[in-house]
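Summary of structural features
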Amino acid sequence: MSGKKHITMTVNGEAQEFLAEPRELLIHTLRERLNITGPHIGCETSHCGACTVTLDGKSVKSCTVFVAQADGADITTIEGLGNPDSLHVLQEAFKEHHGLQCGFCTPGMITRASKLLEENPSPTEEEVRFGMAGNICRCTGYQNIVKSILAAATEMNAAKEAAE
Amino acid sequence: MNKELTREERTDALGGMGCKRKRVEDARFTQGKGNYVDDIKLPGMLHGDFVRSPYAHAKVVSINTDAAMALDGVVAVLTAADLAPLGLHWMPTLAGDKQMVLADGKVLFQGQEVAYVVAKDRYIAADAVELVEVEYEELPVLTDPFAAMESDVVLREDLMGEGGALPDGAHGPRKHHNHIFTWEVGEKEATQQVLDEADVVAEEMVYYHRTHPCPLETCGCVASMDKVNGKLTLHGTFQAPHAIRTVVSLISGIEEHNIRVISPDIGGGFGNKVGAYPGYVCSVVASIVTGVPVKWVEDRMENLMTTAFARDYHMHGKISATKEGKITGLWCHTTADHGGFDACADPTKFPAGFMNICTGSYDIPTAYLAVDGVYTNKAPGGVSYRCSFRVTEAAYFIERMVEILAIELNMDAAELRRINFIKKDQFPYQSALGWEYDSGDYHTAWDKALKAVDYDGLRAEQAQRVEDFKAGKTRKLMGIGLTHFTEIVGAGPVKNCDILGLGMFDSCEIRIHPTGSAIARLGTISQGQGHATTFAQILATEIGLPADSITIEEGDTDTAPYGLGTYGSRSTPVAGAATAMAGRKIRAKAQMIAAYLLEVHDDDVEFDVDRFVVKGAPEKFKTMKEIAFAAYNQAIPGIEPGLEAVSYYDPPNMTYPFGAYVCVMDIDVDTGVTDIRRFYALDDCGTRINPMIIEGQVHGGLTEALAVALGQEIAYDDMGNVKTGTLMDFFLPTAWEVPNYETDHTVTPSPHHPIGAKGVGESPHVGGVPCFSNAVNDAFRAFGLRHTHMPHDHWRIWKTANELGLHG
């Protein structure tokens, strides 16, 4: 396939620029080209959510986004949410409440949860379950994932209140 | 000087067995820093991809690879003709059969591997797959095992003898050219006699449909042949890395010391990653041919269509009882659909796994089981999807048969179970089908469960609901699903359990470092179970060093001691036992060192949490940390320096976890939609190592059970086309469909396990499937339903209601 396209994007705050075939999938751009391997590939059909990233403020499944569609986009992956010295509240909460087992869905799960809590900072359990229904976990049965997200919401709200 | 800690504080400081230790794995996983096979990149690495058959049964007339080879970036296209000179176009299966690595003249299932393309990146490989021209000639397709046993169509010409003779298979005589084996256990005539003379006999065909473990990460590998030093490194999603090393050595001829198999982080296994697949063989060959690393990772469709299905058991059952409900006999004939090749992952002597645990939790004096394995035009596999070998099938069978018997006797199903449970004082219990159950207290668990859910209250509510339904006041019925399951896990004793001749022991090797920290390596491999957390807890308690100071390492065959891997809930029963035993060897040496340091006789010191103390003088002690240092800096007469141990543990018996589950479900008769109002799960897995992790395992296993019972299946049409090949059609529940579960427990330790642990990972699946299914069936009991097959999706439930005349 010829006809490479000039692409620019910002990933986790860093500017990226490269030539790519328009058909390249964003998940491969991230994983193969940029070595950002937190987002995973689970289904290639937008169902499992292991590849979830935030693209221009929206949760998207990067396995079904062409890199050409992401030209100029601002992208955040799990790698952009926290770092070893300062974990994101959600990362701490998943640890604390046993919200993961094999870890394969976890990056997508936490990335989606971070966006969910931006959209709805004080969700009910039902809203969490509905808002996370695009992310499949085969290990946990979701109970502790839901618990982790609700706990993180409480903590983030308390921190916000304290800051005000 | 620090304040002297109390014994309790010292115990807590260890983070040993019984505490809810947070997982050490989570730091990397929550930050996206796991290292899964598709994350591995080696210099110059190529990508492999398969040309697969669109047909379920066809002759392969010709394969033309010219156009694919002409594509820029394609390095090689392998076919069976390329592998044949190496003898690698076929490979042995775990079940004593052989399987085509690449189509050798014909294909036997849709998605079968036909050619293997190697290219510079995965896009070029995918393009080249499209350019390989394969000419097929369609053959008649057999997707039904009963029809296959009657058909003239021969699926496996390679297994035919001269002049149409039928040589024995790996498990004895074969009855028909599409027959694989007959496996019989128990007393056929005696059981028939009991059935003939019984007051009551319930009979049913219980079909457990074909499904798939479908871990979120698919199968894959990176093969890297270093031609300079002759070493092959194989990274892959292997639940049994050592067994894979041995298999690769046997089929490739590369000496085992020149093969290093590494299982990196694994994104869930559930049985899918036990077997050896053509992708592994082709990747190894491709790396040998090209001299550079080759990566192969399945996509989801390939995963669902080709690697390791589960179940597909047609179980014809008869159960007899006295008028009072005492079960007198059990008869089961299973027709097992194994697909095109027999690649079941079972111990060699058990071609139907531990299906002979099908007497369940009940004291059944006489029983008989026969299983016939059959070839069809479906994918090979037959793995244990989140259960020990065929134990989910067995538990589903008996728990359905007991419910049907209750209908036949017009008895309450909970009461019927209670009067037939094996009693506490009967353990160790010899079952009619040959097992020795190690320990159990079923009545206590059952009573606790029924009390917790207010069983009598639920039945009263259900009766009222039926009245209301009949009176036209509601369109929703209520089902109460009951299950008391007994698992058989921890395979297994070398005397009767092996895979490819490899005894199913497991192992642990411990090295204590001079400053009092340690590394322990095991023959198992975690796929999410949290071994790095829990095995350190076992050791902390056994050797008195903090769990936080103990690294657990698995999955690298160059460093870990030989073991048979993680599946069948065997890690805690077998490798967990090896860990405790290796820890005790460390402690035994530490005792001698402590006695030397304290200048007393060995027998005059005793272990106390994190130290050895002089008996009767607890103020005189040496901590394990001090002892560790002494092991490296003191010349102690008669004792070698260092502090290391290794244990290979051959379990004397299996372990038998059990549980009592109750599911309360509302069913909308007009839409077939189910609403799980309540699910109570009591598990008894013996000694509990980490309650937090046990609870997580139970949640996960129940959710996989919900999936299987309520919608998940690998379905074929009559042409052998897979109808459920993507996550659009293959049901994986989301957070929206899954309830909150109530977990509970009793503790009946295993008497033969060093720490009394039995294993838990699979119990919730084994118990959960019949519990969900029983709830659906129970909802319609008042309207005359005896049995309806899984998966109970909305459409099938609607159909059941319709057939019962409930739609007016």
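Residues numbered from 1 in each chain as written. Chains lettered and ligands numbered in written order. Predicted model: local features only at pLDDT ≥ 70, side-chain atom pairs only at ≥ 80, totals over all residues. Heavy atoms only, no water.

As annotated in an unreviewed UniProt entry, chain B carries the name Carbon monoxide dehydrogenase large chain and is attributed to Falsiruegeria mediterranea M17. Quoted verbatim from the Catalytic activity (unreviewed entry) field of UniProt, the annotation for chain B is "CO + a quinone + H2O = a quinol + CO2". For chain B, the Function (unreviewed entry) comment in UniProt is given as "Catalyzes the oxidation of carbon monoxide to carbon dioxide." (UniProt positions renumbered as here; feature names shortened; annotations may be inferred.)

The name given to chain A in an unreviewed UniProt entry is Carbon monoxide dehydrogenase small chain, and the organism recorded there is Falsiruegeria mediterranea M17.

Here His-28 of chain A lies in helix α1 (residues 26-33). Setting aside its immediate chain neighbours within four residues, His-28 of chain A contacts Arg-33 and Ile-41 of chain A together with Arg-122 and Tyr-123 of chain B. (Helix = DSSP H or I, 4+ residues; strand = E, 2+ residues; numbered from the N terminus. Contact = heavy atoms within 4.5 Å.)

Once that is clear, we can look at the nonpolar core. Residue and element names in this part refer to chain B. Judged by nonpolar contacts, the single largest core of 216 residues is most densely connected at Tyr-116, Phe-354, Met-355, Phe-679 and Phe-772. Of all the elements, helix α11 (residues 391-409) adds the most residues to this core, at 12 residues. Ignoring anything within four residues of it in the chain, the contact list for Phe-354 reads Pro-347, Ser-388, Phe-389, Arg-390, Val-391, Trp-435, Ile-488, Ala-491, Cys-497 and Met-654. With 47 residues, the next largest nonpolar core counts Ile-510, Ile-538, Leu-598 and Leu-643 among its residues. (Core = buried A, V, L, I, M, F, W, Y, C linked by side-chain atoms within 4.5 Å. Buried < 20%, exposed > 50% of the residue type's maximum accessible area, 1.4 Å probe, protein only.)

Okay, the pairing of strand β7 (residues 113-119) of chain B next. All names here are of chain B. When you tally the buried positions in β7, you get seven out of seven residues, the bulk of the element. Judged from the six bridges that link them, strand β1 (residues 46-52) and β7 form a sheet pairing that is antiparallel. The residue bridging Gly-48 from the neighbouring strand is Val-118, located in β7. Relative to β7, strand β3 (residues 74-78) runs antiparallel, the two being bridged by four bridges. What sits directly across from Val-77, in β7, is Val-117. (Pairing = 2+ DSSP bridges.)

In this section: helix α19 (residues 763-779) of chain B. An α-helical segment advances 3.6 residues per turn. Residues three or four places apart therefore align on the same side. The end-to-end C-alpha separation of α19 of chain B is 24 Å, in line with the 24 Å expected for 17 residues at 1.5 Å each. Summarising burial for α19 of chain B: 17 of the 17 residues are buried, a large majority. (Expected span 1.5 Å × (residues − 1).)

Right, let's get into the interface of chain B and chain A. Across the boundary between the two partners, chain B contributes 54 residues, which contact 51 residues of chain A. Across the interface of chain B and chain A, roughly 4500 Å² is buried in total on both sides, 53% from carbon and sulfur atoms. Three residues stand out in chain B for area buried against chain A, namely Thr-30, Tyr-123 and Leu-216 of chain B, and they jointly supply 17% of the buried area on that side. Here chain B is connected to chain A by six salt bridges. (Buried area = accessible area lost by both parts, 1.4 Å probe. Salt bridge = Lys/Arg side-chain N within 4 Å of Asp/Glu carboxyl O.)

Turning to the pattern of salt bridges, a few remarks are in order. Residues and elements named next belong to chain B. By the definition in use, this model includes 66 salt bridges over all chains. Here Arg-21 and Asp-548 are joined by a salt bridge, their closest N and O atoms 2.8 Å apart. With Arg-21 in the loop between α1 (7-14) and α2 (26-30) and Asp-548 in the loop between α15 (531-543) and β26 (550-554), this pair connects stretches of sequence that are 527 residues apart. Overall, Arg-21 belongs to the buried group, its relative accessible area being 7%.

UniProt marks residues 31-140 of chain B with the feature "domain: Aldehyde oxidase/xanthine dehydrogenase a/b hammerhead" (unreviewed entry), using the numbering shown here. This span, residues 31-140 of chain B, is 17% helix and 36% strand, and a straight line between its end C-alpha atoms measures 52 Å.

Turning our attention to the domain arrangement of chain B. Residues and elements named next belong to chain B. The domains assigned to chain B are domain 1 (7-34 + 506-649), domain 2 (37-141 + 218-266 + 274-306) and domain 3 (390-490 + 654-803). Taking only C-alpha atoms into account, the centre of domain 1 sits 38 Å from that of domain 3. At the interface, 29 residues of domain 1 touch 21 residues of domain 3. On the domain 1 side of the interface with domain 3, the three residues burying the most area are Ser-569, Thr-572 and Pro-573, jointly 28% of the side's total. Our count for the contact surface shared by domain 1 and domain 3 stands at zero salt bridges. Along the contact surface separating domain 1 from domain 3 lie 10 residue pairs in polar contact (both at pLDDT 80 or more). Residue assignment for the side of domain 1 that touches domain 3 shows that the elements contributing at least two residues are α15 and α16 (571-598). Tallying contributions element by element places α16 first for the side of domain 1 that touches domain 3, with eight residues. Broken down by class, the residue content of the side of domain 1 that touches domain 3 amounts to 10 nonpolar, 12 polar and seven charged. (Domains from an automatic or database assignment. Polar contact = N/O pair within 3.5 Å; in protein donor to acceptor, adjacent residues only side chain to side chain. Nonpolar A, V, L, I, M, F, W, Y, C, P; charged D, E, K, R; others polar.)

With that settled, the discussion passes to the packing of aromatic side chains. All names here are of chain B. Tallied over the entire structure, the rule returns 34 aromatic pairs over all chains. Judged by centre distance (5.0 Å) and plane angle (65 degrees), the ring pair of Phe-485 and Tyr-661 falls under edge-to-face. Of this pair, Phe-485 sits in strand β21 (residues 476-486) while Tyr-661 sits in strand β31 (residues 658-668), and the two are 176 residues apart along the sequence. Take Phe-485 and Tyr-661: they sit in the same class, and that class is buried. Among the aromatic residues, those joined into a ring-pair cluster are Phe-50, Tyr-116, Phe-238, Tyr-277, Tyr-280 and Trp-296. The ring of Tyr-375 is capped by Arg-156, whose NZ or CZ atom sits 5.1 Å from the centre of that ring. Over the aromatic face of Phe-621 sits the side chain of Arg-611, whose NZ or CZ is 4.1 Å from the ring centroid. (Phe/Tyr/Trp six-rings, centres within 6.5 Å; stacked < 30°, edge-to-face > 60°. Lys NZ or Arg CZ within 6 Å of the ring centre and 35° of its normal.)

On to the sheet that holds β31 of chain B. All names here are of chain B. The strand order across the open sheet formed by four strands is β21-β31-β32-β33, and the pairing between neighbours is mixed. At either margin of the open sheet sits one strand with a lone partner, and together these are β21 and β33 (742-745). Between one strand axis and the next, the sheet turns by 10 degrees as a mean value, whatever way the strands run. With four bridges joining them, strand β32 (residues 674-684) and β33 adopt parallel strand pairing. Counted as the bridge partner of Ala-681 is Thr-743 from β33. (Axes fitted to C-alpha atoms, helices over the stretch in contact; angles between N-to-C directions.)

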